[in-house]
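# Coordinate analysis (summary)
Next come the chains, spelled out residue by residue.
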Amino acid sequence: MKRQPRSNPRSHKKLRTVSIIGTGSYVPEKVLTNEDLSRMVDTSDEWITTRTGIKERRVAAKDEYTSDMAVKAALNAIEQAKISPKEIDLILLATATPDMLFPATACFVQKKIGATNAACLDISAACAGFIFGLEIAQQFITSHTYDTVLVIGADKLTSITNWTDRNTCVLFGDGAGAAILRHRGSPHGIITTHIGSDGQYTNILFMPGGGSRCPITRENADMNLTTIHMTGKEVYKQAVIAMLNAAKKALEQAGLSVEDIACVIPHQANLRIMEAIADRLGISRDKMFVNLDRYGNTSAAAVAIALDEANRSGRIKPGDYILMVVFGGGLTWASTVIEW
Ligand code: ACO
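Attention in this report is confined to the structure presented alongside it. Because the structure is predicted, anything quoted here is derived from the model rather than measured.

### Focus: the overall build of the chain
Per the secondary structure count, the chain includes 11 helices and 13 strands. Its C-alpha atoms give the chain a radius of gyration of 19 Å, within 12% of the compact-globule value 20 Å for 340 residues. Taken over the C-alpha atoms alone, the chain extends approximately 55 × 45 × 35 Å along its principal axes. Counting only contacts in the chain whose residues sit at least 6 apart along the sequence, the fraction spanning at least 24 positions is 77%. Accessible area of the chain: about 14,900 Å², with a carbon and sulfur share of 52%. For the chain, the centre of its 37 positive side-chain charges and the centre of its 35 negative side-chain charges are spaced 5 Å apart.

Here it is, written out as structure tokens:
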């Protein structure tokens, strides 16, 4: 079907198409399998596989921080984009596990990659953060404010995992993914992005401790307040609703139907959530890109790693329409349609 874009109320007079000119990713070496977890808590490979689709996940070393993983992903993306770090105008780093509460982890990345001309900030949108970053980058580039933006999704969720809680500890892993965005004078690029939030649900997926409300003290840490708290069933329900609506909205804004989409890159949280989205959208399951079995849920990194793997493996090709759709704590959700 020939694409018929709907009018975008936020359009600028002189729109610049924003393209992803390089992607990169990194996952730590250490593998933690379901078998390993079954020796730590009362669980089994069978339970984890059938309920989530996860077989194994990666765990960063104790002295390997979110910024270290982000740097490796960013350097891969910079190399593929064939640019110098000095050309980067803005670094946006989406994470729920910054190196420190401040300064921004993006600043640590700036120093390590030598992007001396960049402004740097972190984005707090949990698992949806990478697409929030794409949206913000797109706004800066289309408005001619910046030319080159580095967007990173990076998380070390194992640093805030309660390893005695089988409800959550089987779900998460560590990693980072990155993309370089630029106007390159080609019609191919990001067609639309859509982001949203619902603060009604701050209580179903959160970490109570570590902020001004509940500072880190020995007492709070002993009560596991500095780990992820999640009401799994409610998150599951809200995730399906939010991702479905976000996917539909992006398709509508792009003027495309599901038949036009070559590949869907959804948030890698649970295979059952992905299959529910595919079935309800009416898109075949084999169009869904899945690497959750190998990495678990890596939060903001998940779709960024998946995008890089899809790009480097040839699963997405120039001219393909791809749909990315995510959700996370907040709640937050986001979607984008890209002509690759
Ligand atoms: N191994 C064995 N049994 C388990 C485990 C486990 N790892 N975890 C829970 N169970 C048990 C529960 O205790 C419960 O037992 P009970 O019936 O005796 O009480 C039983 O299994 C069923 O538990 P449910 O919660 O009903 O299981 P459900 O089918 O809902 O699956 C899951 C749980 C996988 C967490 C699911 O609800 C889910 O995927 N939710 C969404 C999670 C998610 O996507 N989180 C995103 C986080 S994104 C971010 O921003 C970090």
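Back to the write-up after that little detour.
### Remarks on the state of the cysteines
As enumerated under the stated definition, the model contains zero disulfides in all. Between Cys169, a cysteine without a disulfide, and Cys127, which holds the nearest cysteine sulfur, the sulfur-to-sulfur distance is 16 Å.

### Topic: the sheet that holds strand β13 (residues 332-339)
Within the open sheet, the four strands sit side by side as β8-β13-β12-β11. Their pairing is mixed. Each having just a single partner strand, β8 (189-197) and β11 (261-266) make up the two edges of the open sheet. Taken over all neighbouring pairs, the strand axes of this sheet differ in orientation by 10° on average, direction set aside. With five bridges joining them, β11 and strand β12 (residues 321-328) adopt parallel strand pairing. Directly across from Ile261, in β12, lies its bridge partner Tyr321. Of the strands in this sheet, β8, β12 and β13 are in contact with helix α5 (residues 129-142), which crosses β8 at around 120°.

### Looking at the site of the ligand
Within the structure, the ligand sits among 25 residues, and Thr43, Arg51, Cys127, Lys233 and Asn270 are positioned closest to it. Separating a nitrogen atom of the ligand from a side-chain N or O atom of Trp47 is a distance of 3.4 Å. Contacts to the ligand include Lys233, whose side-chain N or O atom sits 2.7 Å from an oxygen atom. Coverage of the ligand by the protein amounts to 76% of the 1,000 Å² it exposes when considered alone. In terms of residue count, helix α8 (residues 232-254) provides more of the shell around the ligand than any other element does, four residues in total. Here the residues of the shell around the ligand are counted per class, giving 12 nonpolar, eight polar and five charged. Split by domain, the shell around the ligand shows at least three residues from each of two domains, domain 1 (10-187) and domain 2 (190-339).

Calculation criteria
- Residues numbered from 1 in each chain as written.
- Predicted model: local features only at pLDDT ≥ 70, side-chain atom pairs only at ≥ 80, totals over all residues.
- Heavy atoms only, no water.
- Helix = DSSP H or I, 4+ residues; strand = E, 2+ residues; numbered from the N terminus.
- Rg over C-alpha atoms; globule rule 2.2 N^0.38 Å.
- Contact = heavy atoms within 4.5 Å.
- Areas by Shrake-Rupley, 256 points an atom, 1.4 Å probe, with all protein chains shown as cover.
- Lys, Arg positive; Asp, Glu negative; His and termini not counted.
- Charge placed at Lys NZ, Arg CZ, Asp CG, Glu CD.
- Disulfide = S-S within 2.5 Å.
- Pairing = 2+ DSSP bridges.
- Axes fitted to C-alpha atoms, helices over the stretch in contact; angles between N-to-C directions.
- Near = heavy atom within 4 Å.
- Polar contact = N/O pair within 3.5 Å; in protein donor to acceptor, adjacent residues only side chain to side chain.
- Nonpolar A, V, L, I, M, F, W, Y, C, P; charged D, E, K, R; others polar.
- Domains from an automatic or database assignment.

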